[in-house]
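So the chains spell out like this:
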Amino acid sequence: MMFTKCDSMLPRTLISLFLLPVLSAEPCAKTPGSNCKCETPSGIKIDLSPLDQSGTPRFTTVDPSNGDTYYYNPCSAFTIPGSACADVAACQDHKGADYSIGLQNTANFTGDTTDPTKIHLVYHTEPDPKGVIRETNIALECSDSTTPEFKFVKEDPPGKGKFFFTLTWNQLCYKPSSSGLSAGSILCIIFLVLVIVYFVGGILFLHFVRGATGAELIPNHSFWKDLPYLIRDGFTFVSNGCKIETTYDKI
């Protein structure tokens with residue numbers, strides 16, 4: 001009887017182990033004391049310090065739709081003399097008027113390296129007299145070029161001070177700092193080994209010990225047969241707002 005209970009739990013355990021690496025993420029935590037470095041738990045590092053240009057903006061880009069110019073420096077703050085852009089990470093020149101659109105001490109890495117398009121470096125300003133907080137969102141993207149390229153993408157929504165850019169560079173191709181396997185890779189390997197042991201061992205046991213043949217050789221055959229219906233019932237339960245449907249027989 002005890003074997004039956006453990007046996008019925010095994011497929012559920014395998015499914016759980018499969019979902020863990022799928023759902024695992026690799027957030028890039030900002031390195032203490034730096035505004036332009038981060039590292040993931042598995043050792044993937046992003047370092048923009050080689051692009052820093054102390055005191056002046058390293059990058060300039062233009063919005064082709066209206067001619068606005070944007071300035072950006074990855075690590076240290078810069079000041080444009082005679083403008084509102086003092087000790088900033090990013091600045092907008094709009095029709096001759098300058099606006100801070102991000103401060104270095106607000107730098108924050110968002111997203112995770114499981115998808116090379118998900119890492120963003122985000123800055124924001126303090127509220128201005130009207131309560132407006134401007135924000136700069138820079139997508140860090142891999143390229144083959146050794147020359148970094150900073151491009152304006154959009155202001156979205158228009159006129160609300162939320163600016164989007166891309167920074168492409170060959171040093172932004174996320175590679176682990178060591179040859180070790182990530183936690184997700186280890187879980188995938190464990191899952192694959194368990195699947196092989198589960199099916200091969202189960203088939204051998206059922207055939208030689210219980211004399212099973214045909215479809216009965218599949219371990220927990222009834223569970224796998226019912227799994228599609230269980231999934232369907234789960235989706236139905238969620239789509240109904242996690243409410244259990246109750247029906248009553250007519251008297």
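Below is a summary of the structure that appears in this document.

Conventions adopted
Residues numbered from 1 in each chain as written. Predicted model: local features only at pLDDT ≥ 70, side-chain atom pairs only at ≥ 80, totals over all residues. Heavy atoms only, no water. Disulfide = S-S within 2.5 Å. Helix = DSSP H or I, 4+ residues; strand = E, 2+ residues; numbered from the N terminus. Buried < 20%, exposed > 50% of the residue type's maximum accessible area, 1.4 Å probe, protein only. Pairing = 2+ DSSP bridges. Axes fitted to C-alpha atoms, helices over the stretch in contact; angles between N-to-C directions. Phe/Tyr/Trp six-rings, centres within 6.5 Å; stacked < 30°, edge-to-face > 60°.

### What about the state of the cysteines?
The term disulfide refers to a covalent linkage connecting the sulfur atoms of a pair of cysteines.
In step 1: Enumeration over the complete set of coordinates arrives at four disulfides.
In step 2: Here Cys-28 connects covalently by a disulfide to Cys-38, the sulfurs 2.0 Å from one another. For the disulfide bridge between Cys-28 and Cys-38, the dihedral angle about the S-S bond is near 90 degrees, and by the sign convention the bridge is right-handed. You can see Cys-28 sitting in the loop between α1 (2-23) and β1 (29-30) and its partner Cys-38 sitting in strand β2 (residues 37-39), a full 10 residues away along the chain. Cys-38 matches Cys-28 in its accessibility class, with the two residues each being buried.
In step 3: Through a disulfide, Cys-85 is tied to Cys-91; the S-S separation comes to 1.9 Å. One quick way to see it: the torsion about the S-S bond of Cys-85 and Cys-91 is about 80 degrees, and its sign makes the bridge right-handed. Of the two residues, Cys-85 and Cys-91, neither departs from the other in class, the shared state being buried.

### Looking at the sheet that holds strand β6 (residues 90-94)
In step 1: Strand order in the open sheet made by the four strands is β4-β5-β6-β7, with antiparallel pairing throughout. Each edge of the sheet is formed by a strand with only one pairing partner; in this case those strands are β4 (59-62) and β7 (97-102). This sheet shows a mean twist of 20 degrees between the axes of neighbouring strands, independent of strand direction.
In step 2: When β4 meets strand β5 (residues 69-72), the two strands line up antiparallel, connected through four bridges. Residue pairing in the sheet places Thr-60 in a bridge with Tyr-71 of β5.

### Some words on the packing of aromatic side chains
In step 1: What the rule picks out here adds up to 13 aromatic pairs.
In step 2: Between Phe-223 and Trp-224 the ring centres are 5.1 Å apart and the planes differ by 75 degrees, which places this aromatic pair in the edge-to-face class.
In step 3: Overall, Trp-224 belongs to the partly exposed group, its relative accessible area being 26%.
In step 4: Joined through ring pairs, the aromatic side chains of Phe-59, Tyr-70, Tyr-72, Tyr-123, Phe-150, Phe-152, Phe-163 and Phe-165 make up one cluster.

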